[in-house]
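Structural overview
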Amino acid sequence: MDQFTINLLFVGSSFALYIGIAIWARAGSTSEFYAAGRGVHPVTNGMATAADWMSAASFISMAGLIAFTGYDNSSFLMGWTGGYVLLALLLAPYLRKFGKFTVSEFIGDRFYSQTARIVAVVCLIVASTTYVIGQMTGVGVAFGRFLEVDNTTGLLIGACVVFAYAVFGGMKGVTYTQVAQYVVLITAYTIPAVFISLQLTGNPIPGLGLFGNDVASGEPLLTKLDQVVTELGFNSYTSNNADTFNMVLFTLSLMIGTAGLPHVIMRFFTVPKVADARWSAGWALVFIALLYITAPAVGAMARLNITDMMWPNGGINGGAVEVAQIKNDPKYDWMHTWEKTGLLAWEDKNGDGKIQYYNDKSEKMQTLAGEKGWVGNELTKFNRDILVLANPEIANLPGWVIGLVAAGGLAAALSTAAGLLLAISSAVSHDLIKGAIKPSISEKSELMSARVAMAVAIVVATYLGLNPPGFAAQTVALAFGLAAASIFPALMMGIFSTRINNTGAVAGMLSGLVVTLVYIFLHKGWFFIPGTASFSDADPLLGTIKSTSFGAIGAAVNFAVAYFVAGMTKETPQVIKDLVESVRIPRGAGAAQDH
């Protein structure tokens, strides 16, 4: 059976499973569409939350970014994991206790303002739309390779699948679909990692293999990797080479952005009790950790494998891979397959019949290249989003493993896309139409408007996914920055401060969103249109602060403006202060006693 047929079997079977679950769990009411009837078990919800969370950025892109940068990109791991701790401790139980369907509804009621609710809807849609671009980017990459179609066709197929199970199933269908998707994606991520760890280190546990010895050389794996990449002129893999201030800001942006993402917070509205919200967050961390502990090993081992394939004779002194070997040796077939997608390219620039892969921007390597007659790096393109998907082929693993990874990559992208689209549709139908435009709308009409809103959101996301502003994980990082700057401060102040009134909250959200959006557009192009950027992340506007790190600055602006404006305007009504206290203080807790 050829590889294309195997891929079709795995991907087709998984899609049939998702759509079947959606039909079985079809939402028949707004409560089921928005919150799955509030009857989801904490373990089930934890697994669904993990799938909702572990998007194309986590599955497809993160290991690639770590592989080609090393320690400096570990901030993705630290920020996203730390954000879940913040979410579990500071937000999830209180929002569940408040008892509403959506984040915007909480903000509207807490700040006693329809304006605040509408502004929250705008912030949610901007952040979620940016996030879903990254998922559609991942869908296009995965389909482009495994179904051997172009990127546009892949996006259209993925959009149709999401439409089929998200529009009809709502939160109830999405929840149980995401449980299945978690099982698929974690299996698909772990099995190749186990195989590759066994090959390189003899240890079946990738996280331990990362700190073990390389079987071929007997040296510690990370020591060998450092030697290999520095020999080729790249930065040391295990050392900090980036600007520390920007790295701290980026980690903070990811953390507070995580705690402010509406599609994740919505998951905690689906459990029966407040205590279940805490347990859900705990279980989600357990399920997420299975992938996040493995990702650094996947990145490091893949980088070593790729380098060994480009220098198969023992490094620079042994000689680069020959063009004839790439064309004729079956173990290099993966390069031809990915070349067809346009995401991988090489060129024999100096006509010596070999492909030299090295950092041609390094002064040391430029000197060496001059001595050896090299004229530049000849592995001219290696899109980092392809690394995890190509990993089984690079390591020459069986065809069924490659098919499994195809299904896993698509499961990761589609599960998060469904959650994001559900957040967008809920904001439009429940918060905008029912909450502000037409409060008298019937439940049936509201459900229909939610489905129409989701269909429109899918079309917009698919269109924007054709021209993403960066790799999947980088695009997602922009969304986290927007959530960090706009939604997270409003939630924190809404729960823990009675001082912030409606005017302060609105001013804070708008200022945080606008200043962050402008900074992003200045670096990534206005509305992500190519060629309209004034700066780049290599040469940012403010010192070393990249567009992906600006969310923390935007959040500080939000807090500062909200407190300043609240101090200059009317005090929060007593009834709202009592409401905040009732949400924050456990039911049945009496006054403190002096003993």
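Read on for a plain summary of the structure. (Residues numbered from 1 in each chain as written. Predicted model: local features only at pLDDT ≥ 70, side-chain atom pairs only at ≥ 80, totals over all residues. Heavy atoms only, no water.)

**Side note on helix H6 (residues 103–110)**
Counting buried positions along H6 yields seven of eight residues, so the element is predominantly enclosed. For H6, the set of buried residues is Val103, Ser104, Glu105, Phe106, Ile107, Gly108 and Arg110. Tyr112 sits one or two residues past H6 and shows a positive phi near 40 degrees. (Buried < 20%, exposed > 50% of the residue type's maximum accessible area, 1.4 Å probe, protein only. Helix = DSSP H or I, 4+ residues; strand = E, 2+ residues; numbered from the N terminus.)

**A look at the side chain of Lys577**
Assignment of secondary structure puts Lys577 in helix H24 (residues 574–584). For Lys577, a relative accessible area of 17% corresponds to the buried category. If near-sequence neighbours (up to four positions away) are discounted, Lys577 is found in contact with Thr498, Glu571 and Thr572. (Contact = heavy atoms within 4.5 Å.)

**Considering the nonpolar core**
In this structure, Trp53, Phe59 and Ile107 are the most contacted members of the largest nonpolar core, which totals 180 residues. A per-element tally of this core places helix H19 (residues 399–437) first, with 18 residues. Other than its neighbours up to four places away in sequence, Ile107 contacts Ala116, Ala120, Ala490, Leu491 and Met509. If you look at the next biggest cluster of nonpolar residues, it comprises five residues, including Tyr519, Ile545, Phe550 and Ala552. (Core = buried A, V, L, I, M, F, W, Y, C linked by side-chain atoms within 4.5 Å.)

**Topic: empty space enclosed by the protein**
Evaluation of the coordinates by the stated rule reveals three cavities of 30 Å³ or more. Its boundaries defined by the atoms lining it, the largest cavity holds a volume of some 70 Å³. Mapped by element, the contributors of at least two residues to the lining of the largest cavity are helix H8 (151–201) and helix H18 (387–394). Per-element accounting of the lining of the largest cavity gives the leading share, five residues, to H8. Classifying every residue of the lining of the largest cavity gives nine nonpolar, one polar and no charged. (1 Å grid on protein atoms, 1.4 Å probe; cavity = no way out; pocket = protein on both sides within 12 Å on 5 of 7 lines; lining within 4 Å. Points joined across faces, edges and corners; volume = space filled by probe spheres on them. Nonpolar A, V, L, I, M, F, W, Y, C, P; charged D, E, K, R; others polar.)

**Quick look at the pattern of salt bridges**
This structure, assessed with the given rule, holds three salt bridges. Linking Lys224 and Asp214 is a salt bridge whose minimum nitrogen-to-oxygen distance equals 3.1 Å. In this pair, Lys224 sits in helix H10 (residues 221–231) while Asp214 sits in the loop between helix H9 (206–209) and H10, placing the two residues 10 residues apart along the sequence. For the pair shown, Lys224 and Asp214 are each scored as buried. Across the salt bridge formed by Glu571 and Lys577, the nearest N and O atoms sit 2.3 Å from each other. The exposure class assigned to Glu571 is exposed, which follows from its relative accessible area of 61%. (Salt bridge = Lys/Arg side-chain N within 4 Å of Asp/Glu carboxyl O.)

**Concerning the layout of surface pockets**
What the largest pocket holds in volume is close to 1,200 Å³. Taken together, 39 residues make up the lining of the largest pocket; nearest its centre are Phe68, Thr69, Asn73, Arg384 and Lys546. Looking at the lining of the largest pocket, the elements with two or more residues in it are helix H4 (56–69), helix H5 (75–98), helix H11 (244–258), strand S4 (381–382) and helix H21 (472–496). Split into classes, the residues belonging to the lining of the largest pocket amount to 15 nonpolar, 14 polar and 10 charged.

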